[in-house]
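Architecture at a glance
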Amino acid sequence: MKRKPLFDEDGIPSGDADDGQQLTPGGYPVDEVSSALQKSIRRGLEEDALYWCAEFYKARPHGVWKRLRVIASEDVGIASPSAALTVRALYENWKDNQDEGELYVIHAVLVLVHAKKSRLVDHATIAAFGPRENGHKSLLARRDVPDYAVDKHTERGRKLERGFKHFFEEGSKLENRVDIPDPYESRVRAALQIGRAHV
């Protein structure tokens, strides 16, 4: 029995999403235009990115937004943390007002072109979940649950009678802690440890 094809938001069968079978109004294969847009953004080539964005948008507007949201994490990531938020906000504006749709998508492209770049998020994702080529086997070595995680919030920690004292000393320890005054910490610690047998 032949399965009914699934369609994406642009009315394109999902199996044909980026296989080059659809052409843009300018006669380019959609998959190549999508690739050219992303590579132009990676290289900071503003006019090229604008050109390929417009070509892609005319053929598959939802497809452009999907690609831009991926780029915001894949090629920008934590180098410019606000970029993903801005692209998402512009996407929401676009959904609310498609009469001005070109304005929002171009704004998103310019944000990504000019953003500082990093491939860390993409590489970390592949490392954690594993590439398709090896059956999605994680590249990270298997490890035991660290002792500092076995606190009062876990069954094993409760059996070890670990209470708030252990939690404050180990469980809530922060690295890269920002130097912001916290006038409540001492009072909270004192209040949570009053009258507890195992602290």
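Preceding block: the structure.
As a starting point, this report considers the structure included with it.

What counts, and at which threshold
- Counting restarts for each chain, with residues numbered from 1 along the sequence as it is written.
- Under the rules for a predicted model, residues below a pLDDT of 70 receive no local features and side-chain atom pairs below 80 are neither given nor counted, while totals for whole chains, interfaces and linings still include all residues.
- Remark: hydrogens and water are excluded; side-chain values derive from all non-hydrogen atoms of the structure.
- For our purposes a nonpolar core is just a set of buried Ala, Val, Leu, Ile, Met, Phe, Trp, Tyr and Cys residues, chained together by side-chain atoms within 4.5 Å.
- Accessibility here uses a 1.4 Å probe with only protein chains present; expressed as a share of the type maximum, an area under 20% marks a residue as buried, one over 50% as exposed, and anything in between as partly exposed.
- Per the convention used, a helix needs a DSSP run of H or I reaching at least four residues, while a strand needs a run of E reaching at least two, with both numbered from the N terminus.
- Throughout, a residue-residue contact means that at least one pair of heavy atoms, one from each residue, lies within 4.5 Å.
- By definition, a salt bridge exists where a carboxyl oxygen of Asp or Glu is found within 4 Å of a side-chain nitrogen of Lys or Arg.

**Remarks on the nonpolar core**
By size, the foremost hydrophobic cluster in this structure holds 29 residues, and its most contacted members are Leu37, Ile41, Trp65, Leu68 and Leu112. Of all elements in the fold, only α1 (30–43), α2 (46–59), α3 (61–76), α4 (82–96) and α5 (101–114) reach the threshold of two or more residues within this core. Setting aside residues no more than four positions away along its own chain, Ile41 makes contact with Ala49, Leu68, Ile71, Leu112, Val113 and Lys117.

**What about the pattern of salt bridges?**
Enumeration over the complete set of coordinates arrives at 12 salt bridges. Here Glu74 and Arg119 are joined by a salt bridge, their closest N and O atoms 3.9 Å apart. Here Glu74, found in helix α3, pairs with Arg119, found in the loop between α5 and α6 (120–129); they are 45 residues apart in sequence, far enough to count as distant. A residue is classified by how much of its surface remains accessible, and Glu74, at 18% relative accessible area, is buried. Arg119 gets classed as partly exposed once you look at its relative accessible area, which sits at 30%. The residue Arg119 makes a salt bridge to Asp122 at a minimum N-O spacing of 2.8 Å.

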